[in-house]
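Reading the structure
Chain by chain, the residues:
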Amino acid sequence: MSAPLFLALPGNQSMAERLAALAGGDVGALESRDFPDGETYLCLPADLAGRSVVLVSTLAHPNGKFLPLVFAADAARELGASRIGLVAPYLCYMRQDARFKPGEAVTSRHFASLISHHFDWLVTLDPHLHRYKSLDEIYSIPTRAAHAAPALAKWIRDHVQDPFLIGPDEESAQWVSGVARAAGADYCVLKKQRLGDRDVRVAPEGLKPLGARTPVLVDDIISSGKTAQQAIKAIAPFSHRPPVVLAVHGVFSDGADTALERAGAQLVTTNTVVHPSNRIDIAEFLAPPARELANPGKELTT
Ligand code: R5P
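Residues numbered from 1 in each chain as written. Predicted model: local features only at pLDDT ≥ 70, side-chain atom pairs only at ≥ 80, totals over all residues. Heavy atoms only, no water.

**Comments concerning the site of the ligand**
By nearness alone, 15 residues border the ligand, and E171, D219, D220, S224 and T227 come closest of all. A distance of 3.3 Å separates an oxygen atom of the ligand from a polar side-chain atom of K192. Within the side chain of T227, one N or O atom sits 2.5 Å away from an oxygen atom of the ligand. For the ligand, whose free accessible area comes to 380 Å², the fraction covered by protein is 96%. Mapped onto the shell around the ligand, the elements with two or more residues apiece are β11 (191-196), β13 (214-222) and α6 (226-235). Here the element with the most residues in the shell around the ligand is β13; it accounts for 4 residues. (Near = heavy atom within 4 Å. Polar contact = N/O pair within 3.5 Å; in protein donor to acceptor, adjacent residues only side chain to side chain. Areas by Shrake-Rupley, 256 points an atom, 1.4 Å probe, with all protein chains shown as cover. Helix = DSSP H or I, 4+ residues; strand = E, 2+ residues; numbered from the N terminus.)

**With respect to the nonpolar core**
One finds L19, V87, I156 and L165 to be the most contacted residues of the largest nonpolar core, which totals 43 residues. Per element, the largest residue contribution to this core is 7 residues, and it comes from helix α8 (residues 283-294). Domain assignment of the residues forming this core places at least three in each of domain 1 (5-147 + 282-294) and domain 2 (149-280). Contact partners of L165, with chain neighbours within four places excluded, come to I156, V176, V179, A180, A185, D186, Y187, C188, V216 and V218. One finds V53, A73, A112 and V273 within the second-largest nonpolar core, a separate group that totals 39 residues. (Core = buried A, V, L, I, M, F, W, Y, C linked by side-chain atoms within 4.5 Å. Buried < 20%, exposed > 50% of the residue type's maximum accessible area, 1.4 Å probe, protein only. Domains from an automatic or database assignment. Contact = heavy atoms within 4.5 Å.)

Printed below as a string of structure tokens:
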């Protein structure tokens with residue numbers, strides 16, 4: 001059996017190379033460009049017959065990435081790939097996990113169904129699981145969700161003196177409690193009310209004066225950045241130290257990174273989405289499940 005072949009969608013080359021090195025795979029070239037009318041041209045390695053192919057694409061701001069991704073998957077299948085997997089370090093369309101008002105599309109389910117149709121397996125990191133307990137509730141293909149908590153905790157241990165961890169809302173409790181445990185730090189969870197996509201209120205419930213401790217705000221995703229901004233405001237009366245804002249996925253829409261830095265925050269993210277704030281490499285968590293699913297039940301000869 002040959003080693004799996006990792007192919008990077010645009011912007012994912014360095015992650016694909018890291019994964020291939022860690023998983024004992026090869027890296028192939030996927031050529032992609034836009035025609036003048038905005039349609040996508042793709043060219044994959046021609047010799048895919050019998051190969052296990054792993055497409056690597058993070059899925060922040062996903063709409064423009066989706067068609068090229070499924071074209072690549074379908075082309076790989078036509079070219080004879082025996083198995084086609086997706087490593088999406090950041091998995092999109094996880095937040096609309098219920099129909100909150102009649103007529104709404106539950107896009108998490110629709111997206112899962114589309115990916116399950118085009119791919120044989122999926123590996124991601126810390127997907128936003130809130131009302132779903134696991135990806136298996138919506139994905140019909142084998143999935144693995146790796147976790148960044150040990151790496152976040154290590155970063156805190158190595159870089160923050162006397163940290164106090166803060167989750168901005170109840171949904172973050174699952175991340176912040178695990179990271180706090182592993183970092184040996186105390187934590188609390190604030191109370192958030194979401195009034196709109198870019199309108200949130202955060203109350204400093206449970207927060208006491210932090211003294212010399214450094215506030216470390218921990219969340220899974222920063223999107224508009226409004227949650228983190230409001231949390232920073234809520235923390236300010238309790239701390240005279242600049243906060244660290246630590247997120248697994250730094251999506252940073254609407255210039256959220258600039259706004260947070262202006263508010264005095266030190267931004268730290270993992271490299272699931274490429275950004276200057278990336279300080280934590282998570283490839284080591286994605287490579288083992290990718291290796292397992294790319295070659296189920298087989299020992300690789302690499
Ligand atoms: C809550 O649902 C998530 O854990 C994040 O707090 C949220 O996605 C952040 O979104 P934004 O940056 O747009 O406030």
